[in-house]
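Below, each chain spelled out in residue letters.
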Amino acid sequence: MPVIHNSSVTSPYWLPNGHFQSIYPALFRRVRGVKYQRERILTPDEDFLDMDWSLADDGEKRSLVILSHGLEGNSTRQYILGMVRLLNQEGFDCLAWNFRSCGGEMNKTARFYHSGATEDLDLIVRHALGKGYTSIQLVGFSLGGNLTLKYLGESGINLDKRIEKAVLFSVPMDLKACSQAIIQPQNRVYMHRFLNTLKPKVDEKSKVFPDKLNIKDYKHVRTLYDFDHIYTAPLHGFNSADHYYDQCSSMYFVKNIKIPTLIVNALNDPIVPFGSLPVTEIENHPNVWLEATNQGGHCGFRPARLSGGIYWSENRALSFLRS
């Protein structure tokens, strides 16, 4: 499918660039009205995953949307809540799941989550299918978008037929390129924010699994690349950060996707360079669209004219899921 260059995202004049458009929604947006019901399921390795359900008003089983958050996010991030609120209003049930260590309680195993942990997403999908849904859509943001694309590509023709469409926003399809981009001086505010939440997790886990994690190694962590090289890679069976990036970047899996899939990335995304996306491959793909918006930042997409508190990304997802 062709790459769509879309200029319809017009951000407010007081959010003049990708940095402002990324940071403002993350810090100042407040989505109200979403009421979650939490469910916990056990994983095959004796860990757990926490899922937050938000059902449409009349309680009938219908199409379900499974939402995957970004790095160090969770089901209460405003980009998740905003999407859930609109989809509920339009008759979709929603399931926002929390990656291991992200749901408010530390997970039980030494491992965390990572950009390619599709076994956890598969467990969530199979659990949802067991509830009786006949139609499932997938929505992902940032790391959750990469995870979703990898899952779809790995599954290929074996993907359950009840999974019909996917919409992903601000996707780091080339993990190494994005790891290098976030090191740049203008982007370090994002990197330090991530590292500041990851360090306490390493500290807590190192007390339970001292043979797996050593908090003293954190003194060598200056970048996300360092974190991935010292902790993410060895904890999850990779030889190095580069090996992890090579094995888990969704750009290597997208060619096998068999369902209609929309990827939306802003040209001014400070964390995901648009040039890192596999544009040529997607241009020749029968099932995948790449939409390039001129504005929006990273997981931002606040429109200049805000109607009902709905962001552009939420309307775009709804439009694609209904098309």
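This one's a predicted model, so the numbers in the text were calculated from it and none came from an experiment.

Another aspect to go through is the overall build of the protein chain. Counting its secondary structure elements, the protein chain contains 10 helices and 9 strands. Whereas a compact globule of 323 residues would reach a radius of gyration of roughly 20 Å, the protein chain reaches 19 Å, a difference of no more than 12%. Dimensions of the protein chain, computed from the C-alpha atoms along their principal axes, are close to 50 × 45 × 40 Å. For the protein chain, the residues scored as buried account for 61% of the 323 residues in total. Put simply, of all contacts in the protein chain between residues at least 6 apart along the chain, 77% involve residues at least 24 apart. Only carbon and sulfur atoms are counted for the fraction: they give 51% of the accessible area of the protein chain, which is about 13,900 Å². Computing the positive centroid from 36 side-chain charges and the negative centroid from 33, the protein chain places the two 4 Å apart.

Note on placement: Asn146 falls in helix 4 (residues 143-155). Spatially, the C-alpha atom of Asn146 lies 9.7 Å from that of Ser68, the residues being 78 residues apart in sequence. In this structure, Asn146 is in contact with Ser115, Val171, Pro172, Met173, Leu175, Cys248, Ser249 and Ser250, ignoring residues within four places of it in sequence. Among the polar contacts listed, one links the side chain of Asn146 to the side chain of Ser250, at a separation of 2.8 Å.

Time to look at the packing of aromatic side chains. All told, the structure shown has 16 aromatic pairs when counted by the stated rule. Geometrically, the ring pair formed by Trp289 and Phe320 is edge-to-face, given 5.8 Å between the ring centres and 75 degrees between the ring planes. With Trp289 in strand 9 (residues 288-293) and Phe320 in helix 10 (residues 312-322), the pair connects residues that are 31 residues apart, well separated along the chain. For Trp289, a relative accessible area of 22% gives the class partly exposed. Among the aromatic residues, those joined into a cluster by ring pairs are Tyr79, Phe141, Phe169, Phe301 and Trp312. The lysine or arginine in question, Arg29, covers the ring of Tyr311, its NZ or CZ lying 3.7 Å from the ring centre. Above the face of the Phe253 ring, Lys150 is positioned so that its terminal group lies 5.3 Å from the ring centre.

What follows deals with helix 6 (residues 188-208). Counted at 1.5 Å a residue, the expected span for helix 6 with its 21 residues is 30 Å, and the 30 Å between its end C-alpha atoms agrees. Residues Tyr190, Met191, Phe194, Leu195, Leu198, Lys201, Val202, Lys205 and Ser206 constitute the buried set of helix 6. Packing partners of the buried residues in helix 6 comprise helix 1 (18-28) and helix 7 (224-235).

We now examine the side chain of Asn287. Relative to the elements of secondary structure, Asn287 occurs in the loop between helix 9 (279-283) and strand 9. The contact partners of Asn287, leaving out residues within four places of it in the chain, are Ile257, Lys258, Ile259, Pro260 and Thr261.

Reading the values: rules and limits
- Residues numbered from 1 in each chain as written.
- Predicted model: local features only at pLDDT ≥ 70, side-chain atom pairs only at ≥ 80, totals over all residues.
- Heavy atoms only, no water.
- Helix = DSSP H or I, 4+ residues; strand = E, 2+ residues; numbered from the N terminus.
- Rg over C-alpha atoms; globule rule 2.2 N^0.38 Å.
- Buried < 20%, exposed > 50% of the residue type's maximum accessible area, 1.4 Å probe, protein only.
- Contact = heavy atoms within 4.5 Å.
- Areas by Shrake-Rupley, 256 points an atom, 1.4 Å probe, with all protein chains shown as cover.
- Lys, Arg positive; Asp, Glu negative; His and termini not counted.
- Charge placed at Lys NZ, Arg CZ, Asp CG, Glu CD.
- Polar contact = N/O pair within 3.5 Å; in protein donor to acceptor, adjacent residues only side chain to side chain.
- Phe/Tyr/Trp six-rings, centres within 6.5 Å; stacked < 30°, edge-to-face > 60°.
- Lys NZ or Arg CZ within 6 Å of the ring centre and 35° of its normal.
- Expected span 1.5 Å × (residues − 1).

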